[in-house]
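# Descriptive analysis of the structure
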Amino acid sequence: MKPVNSNIEYDVAVIGAGAVGLATSYHLASKGMRVILIEKNYAGSGSSTRNAAGFRVHFNSEHNVKFMVEGRRRLVGFGGEMGWNPIIFDSGYLWLLSTEADLQEFKRLNTMWSSLGVGGRFLDTHEVREVIPELNPQGLLGGFYGPQDGTFHHDLILFGYQEKLEGMGVPLLESSPVTGFNVSSRRVRSVLIGSKEIRAERFVVCAGAWSPQVTAMLGVSLPITPERRELGVTEPVKHFIKPFVISLKNRVYFAQGLRGEIRGGVTDMFRKGYHPLVSTLEWTVAYAARLIKTLPTVSNVRLNRQWSGYYEVTPDHSQIMGAHPSWPEGLFVAAGFSGHGMMMSPLAGELMAEYIATGRIPDLMRPYSPERFDENRLIDEAMVF
Ligand SMILES: Cc1cc2nc3c(=O)[nH]c(=O)nc-3n(C[C@H](O)[C@H](O)[C@H](O)COP(=O)(O)OP(=O)(O)OC[C@H]3O[C@@H](n4cnc5c(N)ncnc54)[C@H](O)[C@@H]3O)c2cc1C
C-alpha cells in the first residue's frame with residue numbers, strides 16, 4: 001500500500017473515540033505523549049452515548065469489584081479534574097429478590113463485598129416498599145441495596161475528555177474509518193484511513209464492539225461478540241424512584257433521571273451480531289409489560305424515546321486490556337467491556353496510558369490480559385444485566 005502522507009508521526013494512535021478511547025488519549029497526552037485519535041463516525045457515536053449510565057461496585061468477580069471501587073473514585077473525581085460535572089447521583093442500586101436461591105447468592109456475594117469495604121444492606125419486603133412504595137410486592141422476598149452505586153451522565157464524561165484533548169492539541173480525526181495497517185518485521189508501522197497513512201509507535205484499539213473488525217485487519221482474532229440491546233426513556237414524571245432498580249424475576253431494570261424521565265431495559269432480550277441499530281416493537285411490548293408488572297403505577301406514562309446499541313461481550317463478561325505476545329508488536333487493545341464500559345472508562349484509560357507509557361502492567365489491570373483466554377484464567381463474572 002502506497003503511503004500518501006507518511007511524514008505524520010505520533011507516539012500513539014488511538015482507534016475509536018468512545019469513552020475508552022477518549023480517556024486513554026487524554027491520559028497518554030497528559031504524560032506528554034504525542035497522540036492522535038481516529039474515529040469512524042463522530043466522538044461518542046458508538047455505545048458510549050447509548051447506555052443506561054449506571055455505575056456500581058457490586059460485581060460477581062472480586063477483580064471487577066476492586067476495579068470499580070477505584071473506578072468509582074475516578075467518576076466522582078471527574079468534575080474536579082476535567083471541569084465538566086458528570087452529575088453523579090448517589091442513588092444506590094436496588095436488586096429485587098424473589099427466590100431463596102437469589103437471596104442466598106446475594107448473601108454469599110455480600111460477604112465478599114463487605115471484605116472489600118463495599119457491603120450493602122438486605123431489605124425485607126416492607127423496607128423495599130419504604131424505598132419505593134409504588135413497587136408491586138407480589139412474589140417479592142426482599143431486596144439488596146448497594147448504597148455505593150448510582151447513576152451519572154455519560155455525555156458529560158465524553159464532552160469533558162473532548163474539551164481537554166482539544167486544549168492539549170490532540171488531533172481527533174472524525175469520519176475517518178480505519179481500513180488497514182502496514183506491518184513490517186512483525187511490528188505495526190502505520191494505520192491506514194483509505195489512502196491516508198498515519199505512522200505511530202503504538203496503536204491502541206478502543207473500537208468497542210467493532211474492535212474485532214479492526215484487529216482482523218492485522219490477522220488478530222478478538223473474542224468479542226456484539227449484542228444489540230435496547231433502551232427506552234419515558235416522558236418526565238415527578239421524582240419517585242431513587243435507586244437504580246433491577247428485578248431479577250421480571251428481568252427488567254430502570255432508573256429515574258434527575259429530569260424525571262424513567263429509563264430502562266430488559267435483561268434477557270438481545271441479538272448477537274452486527275444487527276442494524278434499530279428499535280423493535282417486540283422490545284417495546286416486552287419492556288412495557290415488565291415495567292408495568294414491577295411498577296404498576298407507570299401504566300399511563302408514555303415512552304418518549306427508544307434506541308439500541310451494542311454490548312461488546314467477551315466469554316467472561318470482562319474487558320480485554322493489554323497486548324498479547326502473539327500479536328504484532330505495537331498493538332494494544334482496550335475493549336470488550338461487556339456492558340459496563342461507561343462506568344469503567346475513566347480508570348481504564350488511566351491504566352492503559354500508564355501501561356503504554358511505562359511498559360509495566362498496573363495491578364488493577366493485570367487480570368484483564370488477553371492471554372487469560374489461552375491460559376484458562378477466565379474471570380468469574382455473571383452479574384451482567
Ligand atoms: C443499552 C446499553 C446499556 C448500557 N448500560 C451501561 C451502564 O449502565 N453502565 C455502563 O458502564 N455501561 C453501560 N453500557 C456499556 C457501555 O456503553 C460500553 O461498555 C462503553 O460505552 C464502551 O465504550 P468504548 O469506548 O469501548 O466503545 P464505543 O463507545 O462503542 O466506542 C467505540 C468507537 O470506535 C469507533 N470505531 C469502530 N470501528 C472503527 C474503525 N474502523 N475506525 C475508527 N473508529 C472505529 C466507533 O465508531 C465508536 O465511536 C451499556 C450499553 C448499552 C448498549
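Since this is a predicted model, take the numbers as computed values, not measurements. (Residues numbered from 1 in each chain as written. Predicted model: local features only at pLDDT ≥ 70, side-chain atom pairs only at ≥ 80, totals over all residues. Heavy atoms only, no water.)

### Considering the domain arrangement of the protein chain
Under the domain assignment, the protein chain is made up of domain 1 (9-49 + 155-224 + 316-373) and domain 2 (89-148 + 225-313). Centre-to-centre, using C-alpha coordinates, domain 1 lies 31 Å away from domain 2. Residue-level contacts link 13 residues of domain 1 with seven residues of domain 2. Taken over both partners, the interface formed by domain 1 and domain 2 buries close to 950 Å², and the fraction arising from carbon and sulfur atoms is 57%. Area buried by domain 1 at its contact with domain 2 is led by Ala209, Ile224 and Ser338, which between them contribute 40% of it. (Domains from an automatic or database assignment. Contact = heavy atoms within 4.5 Å. Buried area = accessible area lost by both parts, 1.4 Å probe.)

### Remarks on helix H3 (residues 100-115)
With 16 residues, H3 ought to run about 22 Å at 1.5 Å a step, and its terminal C-alpha atoms sit 23 Å apart, in line with that. Those residues of H3 lying buried are Leu103, Phe106, Leu109, Asn110, Met112 and Trp113. Those residues of H3 that are buried are in contact with helix H2 (62-82), strand E4 (93-97), strand E5 (121-124) and strand E6 (142-146). Just past H3, the residue Gly117 takes up positive phi, approximately 85 degrees. (Helix = DSSP H or I, 4+ residues; strand = E, 2+ residues; numbered from the N terminus. Expected span 1.5 Å × (residues − 1). Buried < 20%, exposed > 50% of the residue type's maximum accessible area, 1.4 Å probe, protein only.)

### Considerations on the UniProt feature "domain: FAD dependent oxidoreductase" (unreviewed entry) in the protein chain
Mapped onto the present numbering, the UniProt feature "domain: FAD dependent oxidoreductase" (unreviewed entry) falls on residues 11-354. Helix makes up 30% of residues 11-354 and strand 28%, and the two end C-alpha atoms of the span are 14 Å apart. (UniProt positions renumbered as here; feature names shortened; annotations may be inferred.)

### Let's talk about the pattern of salt bridges
A pair can form between side chains of opposite charge whenever their charged atoms are brought close. Scanning the model with the defined rule gives 18 salt bridges in all. Arg229 is the salt-bridge partner of Glu227, the closest N and O atoms lying 2.8 Å from each other. Three or more residues joined by partner-sharing salt bridges are found here, namely Glu70, Arg73, Arg74 and Glu350. (Salt bridge = Lys/Arg side-chain N within 4 Å of Asp/Glu carboxyl O.)

### Looking at the packing of aromatic side chains
Scanning the model with the defined rule gives 20 aromatic pairs in all. Relative to Tyr161, the ring of Tyr26 has its centre 5.7 Å away and its plane inclined at 45 degrees; by these criteria the two rings are tilted. In this pair, Tyr26 sits in helix H1 (residues 19-30) while Tyr161 sits in helix H5 (residues 154-167), placing the two residues 135 residues apart along the sequence. A residue is classified by how much of its surface remains accessible, and Tyr26, at 8% relative accessible area, is buried. Look at Tyr161 and you get buried, because its relative accessible area is 1%. Look at Phe67 and Tyr368: their rings are 5.4 Å apart centre to centre, the planes differ by 80 degrees, and that puts the pair in the edge-to-face class. On the criterion of sequence distance, the pair formed by Phe67 in helix H2 and Tyr368 in the segment after helix H8 (341-358) is long-range, its members being 301 residues apart. (Phe/Tyr/Trp six-rings, centres within 6.5 Å; stacked < 30°, edge-to-face > 60°.)

### A short note on the environment of Leu258
Mapped onto the secondary structure, Leu258 falls in the loop between strand E14 (252-256) and strand E15 (262-266). Through-space distance from the C-alpha of Leu258 to that of Phe152 is 9.8 Å; in sequence the pair is 106 residues apart. Once you skip the residues sitting within four places of it in the chain, Leu258 turns out to touch Ile87, Phe89 and His239.

### Observations regarding the site of the ligand
Residues in close proximity to the ligand total 38 residues, the closest being Glu39, Ser47, Ser48, Glu312 and Met343. Separating an oxygen atom of the ligand from a side-chain N or O atom of Glu39 is a distance of 2.6 Å. Separating an oxygen atom of the ligand from a backbone N or O atom of Gly46 is a distance of 3.5 Å. Here the ligand loses 98% of its free accessible area of 1000 Å² to cover by the protein chains. Elements that contribute at least two residues to the shell around the ligand include exactly H1, strand E17 (303-313) and H8. When residues of the shell around the ligand are assigned to their parent elements, the largest contribution, four residues, is made by E17. Looking at the shell around the ligand residue by residue, the class counts come to 18 nonpolar, 15 polar and five charged. (Near = heavy atom within 4 Å. Polar contact = N/O pair within 3.5 Å; in protein donor to acceptor, adjacent residues only side chain to side chain. Areas by Shrake-Rupley, 256 points an atom, 1.4 Å probe, with all protein chains shown as cover. Nonpolar A, V, L, I, M, F, W, Y, C, P; charged D, E, K, R; others polar.)

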